[in-house]
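An overview of the molecular structure
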Amino acid sequence: MKIAVLPGDGIGTEIVAEAVRVLNVLDLSFEMEEAKVGGAAYEAHGHPLPEATLKLAQASDAILFGAVGDWKYDKLDRPLRPEQAILGLRKHLGLFANFRPAICYEQLVGASSLKPELIAGLDILIIRELTGDIYFGQPRGRRIATDGHFPGAEEAFDTMRYSRPEIERIAHVAFQAARKRSRKVTSVDKANVLETFQFWKDVVTEVHKEYPDIELEHMYVDNAAMQLVKAPKKFDVLFTGNMFGDILSDEASMLTGSIGMLPSASLNAKGQGLYEPSHGSAPDIAGKGVANPLATILSAAMMLRFSLQQPEAADRIESAVKSVLAAGYRTPDIWSEGTHKVGTREMGDAVVAAITGKTITKS
Ligand code: NAD
């Protein structure tokens, strides 16, 4: 088994280092090879996704990814910006199915900005389509408008599009995932305004005929955004296109206490996957040693389960995270009065200690 380790930029290097330490104490035999990606790769090789990094990713069973980006690259031409690396990996590896579990751990109920009774016991799975929609649709660009409200003015445009096979394959993923859970899928669209999402709704409804045991509900994205903070436990599998999923999953992260708690897996048709926290490179806290590494550590657990067929090892990591939270360890983003504030490294130490059965000592 080979894992490509791509820490990236900002807090990416700090949080991936902790996930690698956790993987190393599991007594499993896999090879890990590290490569640069994002801004770090641009600095070293002049491109955010160098050929060597892409080849390593393609040749690996799984990719452990940190985060990319920094405001200092905002002036670069778009193809050279760090964020293009993650889009490029998704595209080249065909990583169309994104799984984002949003679970509120019992110990973090108080860390959420919502009332405890709304989120205690929350366990939602967001399934987001990842290689289509307005993020990849062509044409896109800038031009001088020939029509619209201001003909002759400079304008920018993107293209929202989905093909039938793209919707069908992700709908199958959502319905099959629901079979392992509470058998309910909420498909998010904007069919009342957008042709692309009327099509999405029609195709999802057709695919649903193959899953009579699953309850399907359709919901407009604006209502879904509202329901997520009003009554989030109504959802089980929240099924979205690329852009709506991007936004709703960040919203869902706050239900769990912090974006630093939200892992993710992006899979292709062969089961090869990229595993990363749902957050970005957090330039505001990079280098301070305070980033929460748990989303990345939990992403490594998803990697063991989905791509490396090591479910027991995944369970060990997840149990260790729960016990560390139960012991009161908190990075600043999830800290509350009466708990023990730690940095990135100490949180990694605590998870390692919980896995290896050593006593966790609070410094
Ligand atoms: P962000 O997710 O990096 O940060 C948003 C807020 O959450 C910040 O206040 C940050 O400090 C906090 N935060 C994020 N992760 C945290 C963690 N593990 N522990 C504690 N706090 C955490 O989003 P942003 O600020 O909008 O973007 C920063 C950069 O990241 C940009 O360049 C953006 O393009 C990039 N980005 C990359 C990815 C990716 O690599 N997949 C995803 C999103 C954003």
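All of the points below concern the structure found in this document. (Residues numbered from 1 in each chain as written. Predicted model: local features only at pLDDT ≥ 70, side-chain atom pairs only at ≥ 80, totals over all residues. Heavy atoms only, no water.)

1. Details of the site of the ligand
The condition is simple: One heavy atom within 4 Å of a molecule or strand is enough for the residue carrying it to be called near that molecule or strand. Side-chain atoms alone can form a polar contact between residues adjacent in sequence; in general such a contact is a pair of N or O atoms within 3.5 Å, and within protein one must be able to donate a hydrogen while the other accepts it. Surface exposure here means Shrake-Rupley accessible area, sampled with a 1.4 Å probe, where a residue is shielded only by the protein chains that are shown. Classification used: nonpolar for Ala, Val, Leu, Ile, Met, Phe, Trp, Tyr, Cys and Pro, charged for Asp, Glu, Lys and Arg, polar for all others including Gly.
Among the 21 residues in the neighbourhood of the ligand, the closest are listed as Val-68, Glu-83, Gly-280, Ala-282 and Asp-284. Here an oxygen atom of the ligand and a backbone polar atom of Ala-282 are 2.8 Å apart. One of the side-chain nitrogen or oxygen atoms of Asp-284 is found 2.8 Å away from an oxygen atom of the ligand. Burial of the ligand by the protein amounts to 72% of the accessible area it has alone, namely 810 Å². Of the residues belonging to the shell around the ligand, the class tally is 10 nonpolar, 6 polar and 5 charged.

2. A few points about the environment of Thr-240
Counted only if it meets this: Numbered from the N terminus, helices here are DSSP runs of H or I no shorter than four residues, and strands are runs of E no shorter than two. Categorising residues by exposure relies on relative accessible area from a 1.4 Å probe, with only protein chains included: less than 20% of the type maximum marks a residue as buried, more than 50% marks it as exposed, and the intermediate range marks it as partly exposed. The contact criterion used throughout is that any non-hydrogen atoms of two residues lie within 4.5 Å.
Along the chain, Thr-240 turns up in strand E10 (residues 237–240). Overall, Thr-240 belongs to the buried group, its relative accessible area being 0%. If we ignore the near neighbours within four places in the chain, the residues touching Thr-240 are Ile-127, Arg-128, Glu-129, Val-188, Trp-200, Gly-245 and Leu-248.

3. A word on the packing of helix H10 (residues 294–306) against helix H11 (residues 311–326)
Worth spelling out the cut-off: For helices, the fitted line uses only the C-alpha atoms of the stretch in contact; every axis is such a line through C-alpha atoms, and the angle between N-to-C directions lies from 0 to 180 degrees. For classification, angles of less than 35 degrees are called roughly parallel, those exceeding 145 degrees roughly antiparallel, those between 65 and 115 degrees roughly perpendicular, and all remaining angles oblique. By convention, the crossing between two helices is left-handed when the near helix turns anticlockwise from the far helix through less than a right angle, and right-handed when the turn is clockwise.
One way to put it is that H10 packs onto H11 with a least axis distance of 7 Å and a crossing angle of 160°. It follows from the interaxial angle that H10 and H11 lie roughly antiparallel. The handedness of the crossing between H10 and H11 is left-handed. The segment H10 lies against H11, with Leu-294, Ile-297, Leu-298, Ala-301, Leu-304 and Arg-305 engaging Pro-311, Ala-313, Ala-314, Asp-315, Ile-317, Glu-318, Val-321 and Leu-325. Of the residues assigned to the contact of H10 with H11, the class counts are 11 nonpolar, no polar and 3 charged.

4. Observations concerning the pairing of strand E1 (residues 2–8)
The side chains of a regular strand alternate, residue by residue, between the two faces of the sheet. To keep things clear, this is the line we draw: Pairing between two strands requires that DSSP report at least two bridges joining them. Think of it like this: strands point away, you trace from the first strand over the helix to the second, and a clockwise trace means the crossover is right-handed.
Burial of E1 is extensive: 7 of the 7 residues sit out of reach of the surface. When E1 meets strand E2 (residues 31–34), the two strands line up parallel, connected through 4 bridges. Paired with Val-5 across the two strands is Glu-34, which belongs to E2. In the classification by handedness, the crossover that spans E1, the intervening helix H1 (residues 12–24) and the parallel E2 is right-handed. The sheet contact formed by E1 and strand E3 (residues 62–67) spans 5 bridges and is parallel. Among the inter-strand pairings, Ile-3 is bridged to a residue of E3, identified as Ala-62.

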